[in-house]
Structures are given as C-alpha cells and as structure tokens.
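Close look at the chain arrangement
As a plain string of letters, each chain reads:
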2 protein chains.
Amino acid sequence: MVTKQFRGSLDEADLRRADSLGREIFSDIANKWALLIIEALGESTLRFSELRDEVEGVSHKMLTQNLRMLERNGLVERTVHPVVPPRVEYTLTEPGQALRVTIDGLCDWTHRYLGHIETSRHRFSV
Amino acid sequence: MVTKQFRGSLDEADLRRADSLGREIFSDIANKWALLIIEALGESTLRFSELRDEVEGVSHKMLTQNLRMLERNGLVERTVHPVVPPRVEYTLTEPGQALRVTIDGLCDWTHRYLGHIETSRHRFSV
DNA sequence: CGGTATCCTATGCGATACTG
DNA sequence: CAGTATCGCATAGGATACCG
C-alpha cells in the first residue's frame with residue numbers, strides 16, 4: 001500500500017488506484033506460504049516437486065495456489081518442458097528477486113530476536 | 001524460521017527448537033494486520049483509538065487480537081494510564097523497531113514494483 | 001509429474017452487545 | 001475509551017481422487 005512516506009508524490013486519482021492495488025498486493029504477499037516459497041526459490045530454479053520438498057509443510061494445493069498468484073503478479077516465471085513426464089520449472093523474476101532480498105531481512109530479524117521473543121512469551125504467560 | 005543460511009551454526013536440538021519457534025513467529029508476523037499495525041506505530045506512540053483510525057479497515061477485534069499477539073512476542077509495549085476514561089498507549093520495543101525497518105523495505109518494494117505488477121496481471125489474464 | 005476438482009474442517013474476521 | 005465475549009458467515013487450507 002502507499003504509506004505516508006509516499007503521499008504527495010502522486011495526484012489524487014493515482015493515489016486511490018495505487019492505494020487499493022497496493023493493499024491487494026500487500027495482502028497477497030503478507031502470507032506465510034508466499035514468503036516461504038519465494039525464500040525457497042532464492043537464486044535457483046526449482047521444479048514443482050522440489051519446491052514441495054523444500055518448503056516444508058506446504059500442501060500440494062497451497063503450493064499450486066500460491067505459485068499461480070506469484071506468477072500472476074509477475075514474481076515467478078513458470079517454464080513447462082513438453083516432455084513425459086512433464087517437467088515444470090519455477091524461477092524468480094527480477095521483481096521477485098528484489099522481494100526476496102527484503103524477505104531475507106525478515107529471516108535475519110527472526111534469527112536475531114528469537115531469544116528476545118522466547119523470554120518475552122515466557123514473561124507474558126505469568 | 002531458520003533458513004539455510006543459518007544451518008550449521010547451531011547443534012541439532014537447538015536447531016529443532018529454533019525451527020519450530022521460528023516457524024511460529026513467522027506465521028504470527030506474516031499477516032497483513034500485524035505488519036500494518038507495526039508500520040502504523042512507526043516511531044510514535046499511539047492510543048488504541050488512534051491506531052484504529054491509522055490502520056484503515058481494521059476492525060476492533062482484529063486490532064486487539066493482533067496487539068495482544070505483538071505484546072506477547074515482545075514487539076509492542078502496552079502502557080495503561082489509570083484514568084477515566086482509560087488511556088492505553090502502544091509503542092514499538094527495540095525488536096519491534098528493528099522489524100519495522102524490514103517492513104519499510106517491503107513497502108518500498110511494493111511502491112517500486114506497482115507498475116510491473118499491474119502490467120503483469122493484465123498480461124496474465126489474457 | 002504436475003494440475004484440477006471436490007469435500008470437509010478450522011480459522012479469519014466482521015457485527016453486535018456488554019463491562020469497568 | 002478500551003476490552004471481552006458471542007454469533008455467524010466467508011475464506012483458508014488439508015485430504016483425497018482423478019486427468020493429461
């Protein structure tokens with residue numbers, strides 16, 4: 001979404017359009033599976049089954065559903081090799097790569113503050 | 001969660017514990033409302049009602065629910081002023097501030113690639 | 001192997017009402 | 001003003017089965 005830092009750089013109509021679109025994108029992406037899939041893809045190209053193994057706990061359904069969404073938003077590219085059995089590969093586009101960098105930041109954050117959070121939870125339940 | 005970049009820096013038992021906790025945190029945080037609330041708090045201290053106005057579209061219920069979760073994880077601090085009517089203020093802790101920085105990155109990303117995504121969606125629906 | 005469709009449960013989330 | 005509790009609908013998401 002368009003946060004306060006950007007208001008003023010756009011006219012009213014653009015602002016409204018960007019706001020609702022941005023909100024939509026934000027909802028698409030602020031979702032556990034999408035983030036984990038992007039993180040799993042990283043620099044490499046992976047097949048559907050490899051992704052399913054890599055993103056632990058994801059179901060067949062959620063994987064397809066999120067991959068379609070990411071493809072629609074132009075974050076991953078899907079390549080079908082016309083062979084039997086079918087071979088389908090997924091790779092991050094440039095926007096996808098850029099997003100991955102910020103997700104890496106999220107992972108670093110989680111790692112760094114794991115201890116803080118653990119003790120905070122303990123204190124909270126008292 | 002503990003991603004590949006960190007494996008090897010921990011022993012087996014720690015790894016499992018960190019993995020499940022990390023996954024939990026990730027699920028807590030990779031959620032639209034949590035991210036928007038943290039972003040709204042920013043540098044400032046806000047009252048419950050101010051937050052509800054700031055985070056557009058959030059319901060009373062979702063706001064309380066997410067604030068409790070963030071408090072439990074030690075990302076926001078809740079201060080109750082014993083006056084009538086009650087005055088409750090929320091502010092980001094240091095871990096919360098650190099997280100906000102990475103969320104800012106997410107917002108920047110959304111802003112930067114809004115155009116890419118819009119055209120990609122259009123192409124996809126053909 | 002990768003994808004779609006179906007069914008069913010759990011959860012998200014809004015609306016409303018009640019308390020200190 | 002801030003919070004809790006309850007109800008009820010809508011969506012998320014697992015399990016399973018079937019198709020190219």
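Residues numbered from 1 in each chain as written. Chains lettered and ligands numbered in written order. Predicted model: local features only at pLDDT ≥ 70, side-chain atom pairs only at ≥ 80, totals over all residues. Heavy atoms only, no water.

An unreviewed UniProt entry lists chain A under the name Winged helix-turn-helix transcriptional regulator, with Streptomyces noboritoensis as the source organism.

Section: the side chain of B:R121
Take B:R121: it is sitting in helix α5 (residues 94-124). In contact with B:R121, other than residues within four places in its own chain, are A:L21, A:E24, A:I25, A:D28, A:R72 and A:N73. (Helix = DSSP H or I, 4+ residues; strand = E, 2+ residues; numbered from the N terminus. Contact = heavy atoms within 4.5 Å.)

With respect to the protein's contact with DNA strand D
Every one of the 17 residues lining DNA strand D counts as a neighbour, but A:S59, A:K61, B:F48, B:S49 and B:Y90 are closest to it. Close to the protein, within 4 Å, the atoms of DNA strand D belong to sugar or phosphate groups at a rate of 58%. Within the contact set of DNA strand D, a base oxygen lies 2.4 Å away from a side-chain nitrogen or oxygen of A:K61. B:H60 is positioned such that a nitrogen or oxygen atom in its side chain is 2.8 Å from a base nitrogen of DNA strand D. Elements with a contribution of two residues or more to the surface near DNA strand D: α4 (60-72) of chain A together with α3 (48-54), α4 (60-72) and β3 (87-92) of chain B. It is α4(B) that contributes the most residues to the surface near DNA strand D, 4 residues altogether. Classifying every residue of the surface near DNA strand D gives 8 nonpolar, 4 polar and 5 charged. (Near = heavy atom within 4 Å. Polar contact = N/O pair within 3.5 Å; in protein donor to acceptor, adjacent residues only side chain to side chain. Nonpolar A, V, L, I, M, F, W, Y, C, P; charged D, E, K, R; others polar.)

Some points on the pairing of strand β3 (residues 87-92) of chain A
Residue and element names in this part refer to chain A. Counting buried residues along β3, 5 of its 6 residues qualify, which places the element largely inside the surrounding structure. The pairing of strand β1 (residues 46-47) with β3 spans 2 bridges and is antiparallel. Residue pairing across strands places L46 opposite Y90, the latter belonging to β3. As paired strands, strand β2 (residues 76-81) and β3 are joined by 6 bridges and run antiparallel to one another. The residue bridging V80 from the neighbouring strand is V88, located in β3. The hairpin turn running from β2 into β3, its antiparallel successor, is 5 residues long. (Buried < 20%, exposed > 50% of the residue type's maximum accessible area, 1.4 Å probe, protein only. Pairing = 2+ DSSP bridges.)

Concerning the environment of A:F26
Residue and element names in this part refer to chain A. Tracing the backbone shows F26 in helix α1 (residues 12-29). The exposure class of F26 is buried, given its relative accessible area of 3%. Placed 21 residues apart in sequence, F26 and R47 show a C-alpha to C-alpha distance of 26 Å.

A closer look at the sheet that holds β3(A)
Residues and elements named next belong to chain A. Strand order across the open sheet formed by 3 strands is β1-β3-β2, with antiparallel pairing between neighbours. The open sheet has two edge strands with one neighbour each: β1 and β2. Sheet contacts for α4: β2 and β3; angle to β2, the most-contacted strand, approximately 110°. (Axes fitted to C-alpha atoms, helices over the stretch in contact; angles between N-to-C directions.)

Structural notes on the UniProt feature "domain: HTH hxlR-type" (unreviewed entry) in chain A
Per the UniProt record, "domain: HTH hxlR-type" (unreviewed entry) is found at residues 18-118 of chain A. As a span, residues 18-118 of chain A carries 66% helix and 14% strand, and end to end its C-alpha atoms are 38 Å apart. (UniProt positions renumbered as here; feature names shortened; annotations may be inferred.)

A short note on helix α2 (residues 32-41) of chain B
All names here are of chain B. Where burial is concerned, most of α2 is hidden: 9 out of the 10 residues are buried. All buried positions along α2 are accounted for by W33, A34, L35, L36, I37, I38, E39, A40 and L41. Measuring from the side-chain oxygen of the N-cap residue of α2 to the backbone nitrogen of W33 gives 2.7 Å; that N-cap residue is N31. With its phi angle positive at about 50°, G42 sits one or two positions after the end of α2.

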